[in-house]
Amino acid sequence: MTSTACGGRWFVALPDRDAALAAAARLASYACRTLTHASGRPWLLGCWPDDEAVTAQAGTARLAAIGRTSLTPHDLVARGPGVTGAAGSFHLLASVDGEVYARGTATGVRRLCTADADGVTFAADRAHTLAWLTGADPDPARLAARLLLPDPPFPIETSAMWRGVRAVQPGHALRLGRDGSVRTERWWRPPPSDLPLEQAATLLRDALRAAVAVRVRPGDVWGADLSGGMDSTSACFLAHEAGADLVAVTLEWSAAGNEDARHAREAARHLPGITHFVLPSSELPGHFSGLGERHPPGDEPSVLLRDRAQQSELAGLLRDHGVRGRLSGHGGDHVVTPLPAYLHPLLRRRPLTGLAHLAAHRARSRWPLVATLRQLVSRPSLAAWIREQADALGPLRRGEPPMCGWGFPVALPPWATGRARDLAAGLLREAADRDGVPLGPDRGTHAWVHLARLAGSTATHLSAWGAVDGLPVETPFCDDAVLDACLRVRPEDAGHPAVYKPLLAAAMRGIVPEAILTRTTKDHCGDEWYAGLATQRRTLAAWTADSRLAAAGLADPAALRRAVLAPGLLNGGVCELEPTLGIEEWLRDLEARPHPHHLKEHPHEPAPAATP
């Protein structure tokens with residue numbers, strides 16, 4: 001896991017045009033690597049670890065895969081920029097006859113965005129790089145959209161936060177022509193969901209094995225989050241199988257009856273040679289600690305600020321034990337089980353099975369009958385559904401709504417202003433007109449892929465925080481090949497609410513102890529959440545008195561103050577407050593540290609990597 005001298009991970013892709021040279025010159029002092037077009041003009045500038053890039057040349061074509069990948073130079077030459085199915089998580093880039101081809105991942109872990117400067121369109125893996133390059137400010141409409149609950153819906157969940165910076169949709173590739181043309185094309189589509197559970201489980205087991213193996217080498221010392229849940233435990237056992245020396249951390253939450261730590265200890269007992277730390281939450285920084293400190297801002301606000309200080313301390317503990325990379329089970333909750341939207345096509349394809357599943361979901365989640373049936377019999381297009389969400393924007397209602405539509409019904413917190421509502425609704429209507437094409441052949445597949453994209457977004461935050469803490473975080477469940485394997489299962493085989501993660505359990509049988517695979521509970525840190533808000537009440541109240549969202553006309557400071565001082569009154573609990581706090585923190589961080597953290601001056605002339 002060799003790293004670059006600066007520890008940064010970023011790149012900018014430049015078209016093969018003289019007009020791009022000015023931007024290349026401005027970026028040159030920050031880049032520790034440069035790859036060139038066949039013409040000799042700069043193609044890729046940036047910084048990335050030595051072992052996270054594969055490059056190749058075929059005639060005048062240049063190709064590169066940046067990230068964790070199973071691809072070899074031979075694969076790149078033989079399969080070209082259209083290569084699919086490789087293990088890992090990486091950007092794929094090419095310069096062919098003066099045209100730039102670039103794509104990230106279908107899950108959105110590896111992002112791609114564009115912006116214009118000096119009449120030239122550039123592409124980059126980080127929106128903040130392009131915002132700095134173009135002098136862009138945050139876009140109030142996109143800030144307003146981040147207030148939407150429980151999450152921004154497709155297709156605006158991946159929008160860049162700055163004016164003039166445009167996100168390329170995950171699963172789409174970008175082409176920059178030498179003549180200045182810019183176009184995108186879809187390179188990824190979900191596979192058919194037609195396999196019975198056991199066959200799909202075999203595919204998932206192979207995909208997860210490959211995802212871990214592309215990161216872990218025998219003898220590597222890897223940190224791991226061993227929560228006691230099925231996802232993180234599976235990652236640990238696969239890393240151990242791949243030959244890693246594991247240093248694992250488990251958080252023991254304070255809620256009565258919490259079982260996470262007990263299951264984690266049981267898992268560790270079956271992992272010979274593991275170094276295992278079980279840490280009571282009382283011995284770590286409390287939730288929301290460090291709100292007064294300013295951090296390098298990521299590309300977008302994050303809802304994860306509650307445990308940033310906690311995770312930073314855990315990263316320090318792992319580094320002290322020789323760890324240079326950290327495996328996370330994040331994404332498992334999102335990719336191995338379909339959302340209940342699969343009921344919509346199932347009821348039409350297999351009515352009796354669909355009715356049995358519907359009854360089980362209603363019994364478990366207490367969905368109201370009329371609202372559930374209304375969603376299941378409705379047949380609006382995706383674009384029409386997005387417009388419906390825009391027209392109906394209002395406060396969040398108490399209770400879990402049915403989830404059988406194209407996505408989660410969206411709402412705004414009670415402190416959102418009319419300006420916030422109008423801006424968010426306008427953005428939704430624009431998106432419906434421009435990008436209202438589903439991610440899959442039916443609303444069940446679409447909702448499942450959208451959920452995976454939300455997991456990819458969180459994975460980018462984990463990666464960014466890990467980079468700041470000096471400990472890269474890897475999320476193999478968010479790899480495209482893993483998502484592809486999960487999507488192959490028949491949704492009714494993986495989605496019944498009476499069985500907990502049946503697809504992952506079948507995939508890991510014989511690898512993970514049966515006691516973990518048969519677990520049906522999932523613990524929480526609600527006590528720590530409320531205690532953290534109580535401890536940080538003074539800081540949060542000061543935030544509301546000097547709210548950046550209020551200054552932008554997006555939040556009512558008095559209503560926000562009531563919420564942070566009495567979080568028990570929130571209809572939506574955690575999900576209602578945290579997006580707002582994440583935006584507030586991000587704006588403060590951006591104000592205090594406007595220069596991108598990953599762009600660091602190099603006193604030497606950037607030494608070109610060997611031209612592929």
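The coordinates are above.
Residues numbered from 1 in each chain as written. Predicted model: local features only at pLDDT ≥ 70, side-chain atom pairs only at ≥ 80, totals over all residues. Heavy atoms only, no water.

Enquirer: Describe the overall build of the chain, with residues and values.
Expert: Scanning the chain from N- to C-terminus turns up 24 helices and 17 strands. For a compact globule of 612 residues, the expected C-alpha radius of gyration is about 25 Å, and the chain comes in at 24 Å, within 12% of that figure. The C-alpha extent of the chain, read off along each of the three principal axes, is 65 × 55 × 50 Å. If you take every contact in the chain between residues at least 6 apart in sequence, the share linking residues at least 24 apart comes to 74%. For the chain, the accessible surface area stands at approximately 23300 Å², while carbon and sulfur atoms represent 52% of it. Charge separation in the chain, taken as the distance between the mean sites of 65 positive and 66 negative side-chain charges, equals 4 Å. (Helix = DSSP H or I, 4+ residues; strand = E, 2+ residues; numbered from the N terminus. Rg over C-alpha atoms; globule rule 2.2 N^0.38 Å. Contact = heavy atoms within 4.5 Å. Areas by Shrake-Rupley, 256 points an atom, 1.4 Å probe, with all protein chains shown as cover. Lys, Arg positive; Asp, Glu negative; His and termini not counted. Charge placed at Lys NZ, Arg CZ, Asp CG, Glu CD.)

Enquirer: Break down the sheet that holds strand β15 (residues 275-280) for me, with residues and values.
Expert: Reading across the sheet, the five strands line up as β15-β14-β13-β16-β17 and stay open at both edges, with parallel pairing between neighbours. Edge strands, defined here as strands with exactly one partner in the open sheet, are β15 and β17 (473-474). Of the strand pairs in this sheet, strand β14 (residues 245-252) and β15 are connected by six bridges, and their pairing is parallel. Of the residues in β15, the one forming a bridge with Thr250 is Val278. (Pairing = 2+ DSSP bridges.)

Enquirer: Go over helix α11 (residues 351-365), please, and point to the residues and values.
Expert: In an α-helix there are 3.6 residues to a turn, and that puts residues three or four apart on one side. Along its 15 residues, α11 runs 21 Å from first to last C-alpha, staying within 8% of the 21 Å computed at 1.5 Å per residue. For α11, every residue scored as buried is listed here: Gly354, His357, Leu358, Ala360, His361 and Ser365. Seen along its axis, α11 keeps its buried residues to an arc of 165°; they face one direction. Of the residues in α11, the exposed ones pointing more than 90 degrees away from the buried face are Leu352 and Ala363. Those residues of α11 hidden inside the fold are in contact with α10 (343-349), α12 (369-377) and α17 (491-494). (Expected span 1.5 Å × (residues − 1). Buried < 20%, exposed > 50% of the residue type's maximum accessible area, 1.4 Å probe, protein only. Arc of directions from axis to C-beta.)

Enquirer: Can you tell me about the packing of helix α5 (residues 197-213) against helix α16 (residues 480-487), naming the residues and giving the values?
Expert: Relative to each other, α5 and α16 sit at 170°, their axes nearing to 8 Å. Judged by the angle between their axes, α5 and α16 are roughly antiparallel. Between α5, through Ala200, Leu203, Leu204, Ala207, Leu208 and Ala211, and α16, the contact on the second element is made entirely by Ala481, Val482, Ala485 and Cys486. Of the residues in the contact of α5 with α16, the class split is 10 nonpolar, no polar and no charged. (Axes fitted to C-alpha atoms, helices over the stretch in contact; angles between N-to-C directions. Parallel < 35°, antiparallel > 145°, perpendicular 65-115°, else oblique. Nonpolar A, V, L, I, M, F, W, Y, C, P; charged D, E, K, R; others polar.)

Enquirer: Can you lay out the nonpolar core for me, pointing to particular residues and giving the numbers?
Expert: Core analysis: the biggest nonpolar cluster contains 144 residues, and Phe122 and Leu204 have the highest contact counts within it. Residues within four places of Leu204 in sequence aside, it is in contact with Val336, Val482, Ala485, Cys486, Leu503, Leu504 and Ala507. With 16 residues, the next largest nonpolar core counts Trp48, Leu93, Ala102 and Leu174 among its residues. (Core = buried A, V, L, I, M, F, W, Y, C linked by side-chain atoms within 4.5 Å.)

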